[in-house]
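Topology and contacts: notes
The lines below spell out each chain.
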Amino acid sequence: MYMAYGWPQVIPLEQGLCPSSQRIIYVKVINGLLLVVSPSHFELWSSSQHKVRLGKYKRDGDSLRREGENSQAVWSPDAKLIAVMTTSLYLHLFKVQFSEKRVQIGGKQPSGLYFATISLLLSEQVPFADMNLSVSNMVSDNRHMLLGLSDGSLYSISWKGEFCGAIGLDHPIRNDSDKVTDLPHPISNGIAAIVNPGALISQQNSIKRLAIVQLELCFPMRLLFVLYADGQLMLCSVSKRGLKQVESIRAEKHVGSGDAVCTSVASEQQILAVGTRRGVVELYDLADSASFIRAVSLFDWGYSVEDTGPVTCIAWTPDNSSFAVGWKYRGLTVWSVSGCRLMSTIRQIGLSSLSSPRRKPNQDSRGEPLVTGVSLMQWDEFGYRLYAIEEGSSDRVLSFSFGKCCLNRGVSGMTYVRQVIYGEDRLLVVQSEDTNELKILHLNLPVSYLSQNWPVQHVAASKDGMYLAVAGLHGLILYDMRLKKWRVFGDISQEQKIQCKGLLWLGKIVVVCNYDDPSNTYELLFYPRCHLDQSSLLCRKLLLTKPMVMDVYENYILVTYRPFDIHIFHVKLSGELTPSSTPDLQLSTVRELSIMTAKSHPAAMRFIPDQLPRECASTDHLSSCSDGLVREPSRCLILRANGELSLLDLDDGRERELTDSVELFWVTCGQSKETTNLIEEVSWLDYGHRGMQVWYPSPGVESFKQEDFLQLDPELEFDREVYPLGLLPNVGVVVGVSQRMSFPACTEFPCFEPSPQAQTILHCLLRHLLQRNKSQEALRLAELSAEKPHFSHCLEWLLFTVFDAEISRQNISKHRNNGLKSATSFTLLEKTCDLIRNFPEYFDVVVSVARKTDGRHWADLFSAAGRSTELFEECFQRRWYRTAACYILVIAKLEGPAVSQYSALRLLQATLDESLYELAGELVRFLLRSGRDYEQASSDSDRLSPRFLGYFLFRSNYKRQSADYRSPSFKEQSAHVTSVKNILENHASYLMSGKELSKLVAFVKGTQFDLVEYLQREKDGSARLESFATGLELIGQKLQMSMLQSRLDAEFLLAHMCSVKFKEWIVVLATLLRRSEVLFDLFRHDLRLWRAYSVTLQSYPAFFEYRDLVEALEEKLAAYANSEEKY
């Protein structure tokens, strides 16, 4: 799995002599070298730690005019020769030679880079130059190259410049078996082809063939894919001798849906990726007759083919676990084989293509790389860099940095409790101590080690995740997560003798799979983590050959060789492993197994240990328990390169297939001895195209000895943007990582940031225990998790999945048994409710599940969970009013409108007393709706119940409908409507009497209470002010006018007071707000009121702050009086 990090880097290219041809025609990485071919020149760069241009070749103007621009190119596998085909069909062969002049980078150590000279060996026009043909791309093996021509022919040329001849392939015609029934024979080969190969092609011109637009050669699989101009893709077989015998190429079958535009093959996975005009990439299994596997696209992210355009290129990572896809109009994306989107340069704007349209030509492109499309892509040999060429660009190459995840594949073992992504020069470690906020720590390797041993190649974490072993080109280093310190070899010469091919942890011992170059042998080296030195080497074990996969459990080591030979070693450590002592370590072979199989080779193997008593286990060192207590594992899991997961019995060699399309797995049983481990019931987990799958042992005394001991829990969906890295057993969550982008204003491109995510599996574990009638164990597990994050969500998801399964089972039972319900149909549902009832989240969980299900099934849910009225009453007594409100619609559905109205009225009064006015407003609207015709109200409630319940559970942004208290339905004054009105008016009177004006404003806004009507009726009642001075002082204290919200509340009340001409309140509120224009308009028509107002403010010392307001009003009134006298 690959995840982008950091900012994209730019490799600048020189401008050529053909500015009109703004494109790059070829990009390739071989042996740490990057070749970039443009229409008039090409450049050779290092793709290692330091990006340096090592050489270049520029064609002159005469050559370009005479022989045409460069149009196609291919690099020989040994990186010594470059072949270029021009637009005038001239073949140029170049030789690459490195001088003895070393490139000086800086620092004490030499760089290891040398300048290159590129010289022209051959320039000759091809024999078919006068045939008016065009050439597709070029592919090659060690001795020959192959061209596709526009007349449907394939042409072979040797790397010595010999034109070897052509073969004509008819455009394939499909039949029922997808086989090609009649294919032409090869035209010529060898010497005869060299005499006049052009004439040989002309003999076939009578047969109309479509042009070949792309060739894709997969020499390890002996396959050639020929893509035609109409989108048809032909699979052809190639001789073991390669492209030398062009006549041996045989068309086998059609592949794809007929609209292909590009292809790429993953030889390790035996998967063919086909890019289409529809912007979709289709995957085909070449090991299964090119059967369709799946398709990936950006459609689910809101981007259609109109936004991205057709696929232009596909590039597989070196290990074939992921692939990059480039589109013609916009951006690139990296996918895992299972369809998880790992990285994308396209900004995620919305869920529909309408909100994320294709970029317009004049639109600002800042912040999005490759915004005009991708023409070419190429991974480096380690998979740490992805080089991409923007469509229409010829002056630069973009380089994206990627990190790989430690996924327990091959000969390096990785614990699931420490999640690590490693890049070429750093480790990205997930800080999982606080699951509420997972973070990524960038851990840079020491420069002294990296300068000589770039790049990072292997990483392994100790069982507790506190120590990391890291190996580069040579040697290894250790990192202590607690002390935050590195440990290295003190003797560099010892470090340089180690070529690490794999890493394992054996307690406090790090096991290195070392390749000894002088003897061409492989061996296991055992070093204590406290001291890296040859003098501290505990043991050296010579291996038969290069190991394929390795694993370790307790004091047993598994080593597997090709084709499928398994050796298991037992490690015995005598003495204590301390910095001051070197104990004796003995390695003995306890099992050898050779299995004959035609299946794909293993990519990972893991022991499945037998469960041991916790008191006999120790994580510190191997000798803490007697050998008799640590039994040798008798089974192991095998993940093959094609994604097949199987179980191997090490006693008899029998292999049992479990599932397919798996990318990674974690064995969890017997791995943790902590009492807080939440996943001890799980055997293992796997991840692939189906998402996350949890596997359990079946019940039984000897569960691991039963043939059918596995049960699968498939109900753990995983976001297709989040790739799982490991587990946190103490909190029961899966830790994954997804891509995020930040967009600094000072940079051209965004910064790619891996973002860790946590997803719980607690609901799966609880459901499994309940299914096995382990209610007490489930309760203990839930109690351990009660303080963990997402606990309430886990309980809700548990109840929902169980209830949904019961509904489905009930529907099937009704069809089969004519409606007869089984007596045990709700057993699991009842046990689930009994479990959740032990926690205070029970009431929220039950009503939340009701919200997510059809109201027709509520009776079944609450028959197990308890009567809705009783649950409501419990929430009411505990003052959990928001939760209680969620039960109102359930009560209306199950108990009838009268009971729900009574409950809603009680709750309305309680919410008003607690000043929960938004909640009170929803209750008012419900009560007014339920007062109409019951049938109409019932249907409306069912239709609106998701929104209504959703408002109580979550914050809602929908526009609420105002309750019209003056409508005819309200004025009919039905019993419950009268009750609602009385409750609201009594509360308004209570607030007005106490001058709780901020609460009054919130009350009016939340319940849509008609304040104007109330004020008109209560002018001489509860709304009356006894005196201006007392009212101004009291209201000034209640409304803190220094606060913005208080001023807004005062403005709201002032507007309502003005509408009913309530002078007492207008004067007070306008004074507090210093609204001189309102006061002036009032006083100019009532000078007696002005005099009383002025005297009051000037006579009370508490109102001294308003002197300036009085003076301003006095001036305005005097000026107004003078103007009136003039007229």
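These numbers were taken from a predicted model, which means no experiment stands behind them.

Regarding the packing of helix H26 (residues 1076-1083) against helix H27 (residues 1087-1099)
One way to put it is that H26 packs onto H27 with a least axis distance of 8 Å and a crossing angle of 130°. When the interaxial angle is binned, H26 and H27 end up oblique. Of the residues in H27, those touching H26 at Leu1079, Leu1082 and Phe1083 are Leu1087, Leu1089, Trp1090 and Tyr1093. Looking at the contact of H26 with H27 residue by residue, the classes come out as 7 nonpolar, no polar and no charged.

Structural notes on the packing of aromatic side chains
Scanning all chains against the criterion turns up 36 aromatic pairs. Through successive ring pairs, a cluster of aromatic residues spans Phe382, Tyr384, Tyr422 and Trp454. A cation sits over an aromatic face here: Arg222 above Phe219, 4.5 Å from the ring centre. When the ring centre of Tyr384 is taken as reference, the NZ or CZ atom of Lys404 above it lies at 4.7 Å.

A few points about the pairing of strand S7 (residues 70-75)
Counting buried residues along S7, 6 of its 6 residues qualify, which places the element largely inside the surrounding structure. By the bridge criterion, 5 bridges tie S7 to strand S8 (residues 81-86) in an arrangement that is antiparallel. In the sheet register, Asn70 faces S8, and the bridge partner there is Thr86. Linking S7 back to S8 in an antiparallel pair, the connection comprises 5 residues, with Ala79 at a positive phi of about 65°.

Quick word on the sheet that holds strand S42 (residues 556-561)
Overall, antiparallel pairing links the 4 strands, which are arranged S41-S42-S43-S44 in an open sheet. For this open sheet the edge positions go to strand S41 (547-553) and strand S44 (584-594), each flanked by a neighbour on one side alone. Averaged over all pairs of adjacent strands, the angle between their axes in this sheet comes to 20°, without regard to strand direction. Pairing geometry for S42 and strand S43 (residues 565-574), over 6 bridges, is antiparallel. Paired with Tyr556 across the bridge in S43 is His570.

Section: the pattern of salt bridges
For the structure on display, the rule yields 45 salt bridges. The partner of Arg654 in a salt bridge is Asp652, with the nearest N and O atoms 2.9 Å apart. Owing to a relative accessible area of 42%, Asp652 belongs among the partly exposed residues under this scheme. Linking Arg1075 and Glu1051 is a salt bridge whose minimum nitrogen-to-oxygen distance equals 2.6 Å.

Digging into the nonpolar core
Ranked by size, the top nonpolar core spans 167 residues in total, and within it Leu332, Phe400, Tyr887 and Phe1003 carry the most contacts. The element best represented in this core is helix H9 (residues 791-817), accounting for 9 residues. If we ignore the near neighbours within four places in the chain, the residues touching Phe400 are Pro8, Leu332, Met343, Thr345, Pro369, Leu370, Tyr384, Arg385, Leu386, Ala388 and Phe752.

Looking at helix H8 (residues 775-785)
All buried positions along H8 are accounted for by Ala778, Leu779, Leu781, Ala782 and Ser785. Along the axis of H8, the buried residues cluster in a sector spanning 165°; they form a single face.

Here we look at the pairing of strand S20 (residues 271-276)
Along S20, 6 of the 6 residues are buried, which leaves the element largely enclosed by surrounding structure. From the end of strand S19 (residues 260-266) to the start of S20, which pair antiparallel, there are 4 residues, and Gln270 there has a positive phi angle of about 55°. Bridge count between S20 and strand S21 (residues 281-285): 5 bridges; the pairing is antiparallel. Paired with Ile271 across the two strands is Asp285, which belongs to S21. In textbook terms, the turn of a hairpin is the stretch between consecutive antiparallel strands, and for S20 and S21 this stretch comprises 4 residues, one of which, Gly279, has a positive phi near 80°.

As for the sheet that holds strand S4 (residues 33-37)
Two pairing modes exist for strands in a sheet, parallel and antiparallel, and in both the strands are linked by backbone hydrogen bonds. Judged by pairing direction, the sheet is antiparallel, and its 4 strands sit side by side in the order S3-S4-S5-S6 without closing on themselves. Whereas interior strands pair on both sides, the edge strands pair on one side only; in this sheet they are strand S3 (26-30) and strand S6 (53-58). Direction aside, neighbouring strands of the sheet carry axes that sit 10° apart on average.

Here we look at the packing of helix H23 (residues 1028-1038) against helix H25 (residues 1063-1073)
Two numbers describe how H23 lies on H25: the axes approach to 10 Å, and their chain directions differ by 45°. Taken as axis vectors, H23 and H25 run oblique relative to one another. Crossing geometry of H23 relative to H25 is assigned as right-handed. Counted together, Phe1028, Gly1031, Leu1032, Ile1035 and Gly1036 of H23 and Trp1065, Val1067, Val1068, Thr1071 and Leu1072 of H25 form the full contact between these two elements.

Regarding the environment of Asp565
Among the structural elements, Asp565 can be located in strand S43. Excluding residues that lie within four positions of it along the chain, Asp565 makes contacts with Val559, Thr560, Leu593, Ser594 and Ile595.

Cut-off values and rules
One numbering rule holds for all chains: residues counted from 1, following each sequence as written. At least 70 in pLDDT is required for a residue's local features to be given in this predicted model, at least 80 for side-chain atom pairs to be given and counted, and no such filter applies to totals for whole chains, interfaces and linings, which use all residues. Computation of side-chain values: all heavy atoms of the structure, hydrogens and water removed. Note on definitions: angles span 0 to 180 degrees between N-to-C directions of axes, and those axes are lines fitted to C-alpha atoms, for helices only across the stretch in contact. The way it works is that DSSP assigns letters per residue, a run of H or I at least four long becomes a helix, a run of E at least two long becomes a strand, and they are numbered from the N terminus. Oblique is the label for any angle not under 35 degrees, not over 145, and not in the 65 to 115 range, which are roughly parallel, roughly antiparallel and roughly perpendicular in turn. In what follows, a contact means two residues having at least one pair of non-hydrogen atoms within 4.5 Å. Nonpolar residues are Ala, Val, Leu, Ile, Met, Phe, Trp, Tyr, Cys and Pro. Charged residues are Asp, Glu, Lys and Arg, and all others, Gly as well, are polar. Working definition: rings of Phe, Tyr and Trp (its six-membered ring) pair if their centres are within 6.5 Å, and the pair is stacked with planes under 30 degrees apart, edge-to-face with planes over 60 apart, and tilted otherwise. Lysine and arginine charges are scored as sitting over a ring when NZ or CZ, respectively, is within 6 Å of the ring centre and within 35 degrees of the ring normal. Exposed residues in this analysis have more than 50% of their type's maximum accessible area, buried residues have under 20%, and partly exposed residues fall in between, with area computed by a 1.4 Å probe over protein chains only. Pairing between two strands requires that DSSP report at least two bridges joining them. When a carboxyl oxygen of Asp or Glu is within 4 Å of a side-chain nitrogen of Lys or Arg, the pair counts as a salt bridge. Definition of nonpolar core: a set of buried residues of the types Ala, Val, Leu, Ile, Met, Phe, Trp, Tyr and Cys, connected through side-chain atoms within 4.5 Å. Here the arc refers to the set of directions running from the helix axis out to each C-beta atom. Handedness of a crossing is defined here by the sense of rotation of the near helix relative to the far one, left-handed for an anticlockwise turn of less than a right angle and right-handed for a clockwise turn.

Spatial relationships are all this shows, so hold off on functional conclusions.
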